[in-house]
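# Topology and contacts: notes
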Amino acid sequence: MIRVGIPRALSYYQYFPAWKTFFEALGAEMVVSPPTNKAIFTAGNSRAVAETCLPVKLFFGHAISLVNKCDYMFIPAMRSLGQKAYYCSKFIGLPDMTRALVPECPLILDPEIDLNKGRRNLYHAIYNMGRHFSSDESQIKKAVEQAEKAHLAYQKEMSARKITPIQALDEIHKDEGKSYLEPDISPGLSIAVIGHQYVIYDDYISHRLISRLQAMGVRVLTPEMAEQEALDTAMTRLGGAPHWSFEADIIGAGEYYLKAKTDGIISVAVFGCGPDSMMIDMVRHRASEFRIPFLHLSLDEHTSEGGLVTRLEAFLDMVKRKRRVCA
Amino acid sequence: MRIGIPHCGHAYIIAEALVQKLGNGENELIVPPPTSHRTLDLGVKYSPVEACLPFKLTLGNLIEACELGADTLIHARGTGVCRLGYYVKEQEQIIRDLGYDAHFLTLDVSQNRFRSIIRLMKDLTNDAPLPRIISAFRFAMGKLFALDNIEKVVHKVRAVELEKGRANQVYREAVKAIGEARTVGEVKSAAKEYIKRLNQVSQDPTVDPVKVGIVGEVYVVLDPFANMDIEMELGKLGVEVERTLSLSRWVKYRLFLNYLGVNEWKEVHEAAMPYLKRNVGGDGWESVGEKVVYARNGYDGLVHLAPFTCMPEIVAQNIMPSTKEDIPVLTVLYDEQMARPGMITRLEAFVDLLRFRRKRRGT
């Protein structure tokens, strides 16, 4: 059986169910790299230029950990998902950067995902890739349809049951022996965490931010727990037509949860992130208009866990006091 | 309307020339003072911390234009993956928060660029008739091309002049003369005159200078304040500098020849293909391709300029070391923390390395 490797980083959190469905429908076996660990970080960090942002460095580490474990590696060049909103340059250059920095990598499947050029163009790119696995066009077409369905179901599951991608993905990975977490509905403070999925849900980058907050008795709200349309509406209201593909997750989710009168907002970004350096400020500005506490965490490979915890505790204390005073 | 513009190298000369030809009417052009440390301080103070240097510098320019009474601000916008597409959204809010009542006119530099420029010119010139705009535009372009041609000569002369700093002096006079020229004829004769004077600067004929290509993100490559006069500093070290990017080239191709199907980057993109297959926004693709082309053409080295955290250039930086066509590359990243002596030390070390390589190869 042909094995396709997928690094557990960047777009993985958004599209893994779709990719898995697609490749399995074509008879391939999926190999996913393990959750980020020290070895993966060191490997990725040693190859990439220092200025590269942490999640991309980790991506290379994940790619290195898959060498010799798969026959192909799937690294799409994500350019745009329509609306003239674009991904960051590093997503587009990802397959080429991986080829340059991880020369021992198996053959990289790198379809260019650009919905601005129309669905036909996108389908053509996927079809060309599918031919590595099957010569039957109808089988590829069917795989694409199934993948789309799986993706919508994944999104719906998260927004309907108010669970995070990690919880939803754990269910998919259930055969790996992981327990399924129940959605969190504690009545305490509700704090929205906004940011890129590959930052929030990579425990190595975020130092287990979500579970830490939950352990502190906080009800955590994330962008995926809101309906996509609601995020899009909020995003357009605050920032107009989007320029980045991630705008719904940051500006949209920020505005949505501010409007919903959440007790506080925590934005999480990695140092050196181009899109975030622009977008976060808009949400911060908006939060001060709503007079809702806002904490921005800028993380990098040197972030210490102790410092992070102190800031979280101080922030939560402030939110609690504000709630008491205003009540 | 009082129209303020940001700086980028000598781009302001185009705007000034247009106004010179079409006259100030109801709409007035406000060129902010040349980018200075005050500009940088203002930009840094009011920008998001992690914004890139071009954002901070242009914001500083626009604030200084507002101080002079500008109520309409012009800024470039690109559709694509670089942060440039977000500048206007963000700067508009910052300037409003500072209490200035100014609105933005955006100049599209990627899609619809031609229409966008014509519309902007109509705004700038109080709806002057098209033939007058065209003749004013030709005049402005004449200045731009003259300046870029003089710059090409000064890059060569600086490296081999006997009395260091002489070429630069002539160059400064040339910029002034071109800026003051009032007719197309005057521009042409000034350009001719100064190119002649530059070539007359006493040179050392025995020196075969080290040749270096300059590539990178367009704003820091073209703006001498942003790149701390890197071309001049290299010239002082006896290095001949070559760069493809220039404003006149941009205008010539992006506004005219591209529409006729000419792609000025064709060779460069083809050279980049084995290493980077697609446009990653900004100038990342071109940087990789140009490295290959400069290496093929026998250049001694490459100086790669980018603002700190520039996304497209980080892609280029990650890919460049793996190209088969190999020349030494020095990447210089600019932010507000950067100091000129640090840059000069790095340049000196780099040039020493290039000279040593030459000697070892026995050329």
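Just so it is clear, the model here is predicted, and its values are computed rather than measured. (Residues numbered from 1 in each chain as written. Chains lettered and ligands numbered in written order. Predicted model: local features only at pLDDT ≥ 70, side-chain atom pairs only at ≥ 80, totals over all residues.)

Counting its regular elements, chain A contains 15 helices and ten strands. If you line up chain A on its principal axes, its C-alpha atoms span 65 × 40 × 35 Å. Burial statistics for chain A: of 327 residues in total, 51% are counted as buried. Restricting the contact set of chain A to residue pairs at least 6 apart, pairs at least 24 apart contribute 70%. (Helix = DSSP H or I, 4+ residues; strand = E, 2+ residues; numbered from the N terminus. Buried ≥ 20, exposed ≤ 12 C-beta atoms within 10 Å, placed from the backbone. Contact = placed C-beta atoms within 7 Å.)

Time to look at the sheet that holds strand E1 (residues 3–6) of chain A. Sheets are built from strands paired through backbone hydrogen bonds, the pairs being either parallel or antiparallel. Residues and elements named next belong to chain A. As summarised here, the arrangement of the four strands in space is E2-E1-E3-E5, forming an open sheet in which the pairing is parallel. Where the open sheet ends on each side, the last strands, each with one partner, are strand E2 (29–32) and strand E5 (107–109). Strand after strand, the sheet turns through a mean of 35 degrees between neighbouring axes, direction not considered. Sheet topology note: the E1/strand E3 (residues 72–74) ladder contains two bridges and is parallel. When the sheet's bridge partners are listed, Val 4 is paired in E3 with Tyr 72. (Pairing = 2+ DSSP bridges. Axes fitted to C-alpha atoms, helices over the stretch in contact; angles between N-to-C directions.)

Looking now at the interface of chain B and chain A. Quite often, the size of an interface is put as the accessible area lost when its parts meet. Listed by partner, the interface residues are 30 residues for chain B and 26 residues for chain A. Here the side of chain B that touches chain A takes seven residues from helix H14 (residues 311–319) of chain B, the largest share from any one element. Among the residues forming the side of chain B that touches chain A, the class breakdown is 13 nonpolar, eleven polar and six charged. (Nonpolar A, V, L, I, M, F, W, Y, C, P; charged D, E, K, R; others polar.)

Residue and element names in this part refer to chain B. Domain annotation of chain B identifies domain 1 (2–128), domain 2 (142–207) and domain 3 (208–363). Here the C-alpha centroids of domain 1 and domain 3 sit 26 Å apart. Each side of the interface is counted separately: domain 1 has 19 residues, and domain 3 has 22 residues. Of all the secondary-structure elements, those providing two or more residues to the side of domain 1 that touches domain 3 are helix H2 (37–46), helix H3 (53–67) and helix H5 (113–124). Looking at the side of domain 1 that touches domain 3 element by element, the count peaks at four residues for H3. (Domains from an automatic or database assignment.)

Quick look at the pairing of strand E5 (residues 210–216) of chain B now. All names here are of chain B. Of all seven residues that make up E5, six are buried, and the element is covered over most of its length. When E5 meets strand E7 (residues 301–307), the two strands line up parallel, connected through five bridges. Residue pairing in the sheet places Val 212 in a bridge with Gly 301 of E7.

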